[in-house]
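One-letter residues, chain by chain:
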Amino acid sequence: MTRDIHAVVFDIGNVLIGWDPEGFYDGMIGQDRRKALFAAVDLDGMNARIDRGAPFRDTVLGMLDHHPEWEREIMIWHDHWVDMIAPVIAPSVQMLRNLRAQSVPVFALSNFGDDTFTLAQAKYDFLREFDRAFISGRLGVMKPEARIYEILEHETGIAPENLFFIDDRTENIDAALARGWAGHVFRTTDGLKDTLAQFGLSG
């Protein structure tokens, strides 16, 4: 493709690291109990508040006031959160490092809590290797809202048509494409490598 890409932007969850809370809970408490928990307690909504900047510990503990009968299960989210972000998608991490070795700037653009991103960086050193990390919990705005893409453009000084974005959610890629970015909906590392090659990038 005839497009000059100046930087590659990575989502984190399910691109560089697995993110499957339901599957994790299945292993901890069994599928039936997990289904009942997720039906009774809005853990997804809780996580979205954290991703928008709410403090991790206080937000999780706040759920106990509304659902004391689920205290043990809710606290799994807090006490085992670093175990939930797994496994590493090693070929994607290698592509990130290969791009940086070729002097291609690499940014993160992720819906992630401020506190939880710090925890993740302590566990996974490659999360400290971005040239810049644009984290929703620190910015107070989330994908696919246009403002978070605008912030990245403004802060990096890179025009939309020179950015290539990788995300596992179609709506997040669609929002980037609407701004003129190039993008790839991540499904497999082979698929990502092929798309990067189409833009003249070697992952």
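Everything numeric here is computed off the predicted structure, so don't read it as measured data. (Residues numbered from 1 in each chain as written. Predicted model: local features only at pLDDT ≥ 70, side-chain atom pairs only at ≥ 80, totals over all residues. Heavy atoms only, no water.)

(A) Up close: the packing of helix H1 (residues 21-29) against helix H2 (residues 31-40). Two elements in contact, H1 and H2, have axes whose closest approach is 7 Å; the angle formed by their N-to-C orientations is 130°. One element, H1, and the other, H2, form an angle in the oblique class. Relative to H2, the crossing made by H1 is right-handed. Between H1 and H2, the contacting residues are Pro-21, Glu-22, Tyr-25, Asp-26 and Ile-29 on the first element and Gln-31, Arg-33, Arg-34, Leu-37 and Phe-38 on the second. Looking at the contact of H1 with H2 residue by residue, the class counts come to five nonpolar, one polar and four charged. (Axes fitted to C-alpha atoms, helices over the stretch in contact; angles between N-to-C directions. Helix = DSSP H or I, 4+ residues; strand = E, 2+ residues; numbered from the N terminus. Parallel < 35°, antiparallel > 145°, perpendicular 65-115°, else oblique. Left-handed = near helix turned anticlockwise from the far one by under 90°. Contact = heavy atoms within 4.5 Å. Nonpolar A, V, L, I, M, F, W, Y, C, P; charged D, E, K, R; others polar.)

(B) Quick look at the pairing of strand E5 (residues 182-185). Burial of E5 is one-sided: the residues Ala-182 and His-184 facing one way are buried, the residues Gly-183 and Val-185 facing the other way are not. Relative to E5, strand E4 (residues 163-167) runs parallel, the two sharing four bridges. When the bridges of E5 are listed, Phe-164 appears paired with Ala-182. Note that the unit made of E4, helix H11 (residues 170-178) and E5 has a crossover that is right-handed. (Buried < 20%, exposed > 50% of the residue type's maximum accessible area, 1.4 Å probe, protein only. Pairing = 2+ DSSP bridges. Right-handed = clockwise from strand over helix to strand, strands pointing away.)

(C) Seen up close, the pattern of salt bridges. One pass over the full model with this rule turns up 14 salt bridges. Of the charged contacts, one joins Asp-131 and Arg-100 as a salt bridge, the two residues approaching to 3.4 Å between their closest N and O atoms. With a gap of 31 residues between them, Asp-131 in the loop between helix H8 (114-123) and strand E3 (132-135) and Arg-100 in helix H7 (residues 90-101) connect regions that are remote in the sequence. Its salt-bridge partner being Arg-169, residue Glu-171 comes within 2.8 Å of it at the nearest N-O pair. Using a relative accessible area of 45% as the deciding quantity, one classes Arg-169 as partly exposed. Within this structure, Asp-11, Lys-143 and Asp-167 form a network of salt bridges that share partners. (Salt bridge = Lys/Arg side-chain N within 4 Å of Asp/Glu carboxyl O.)

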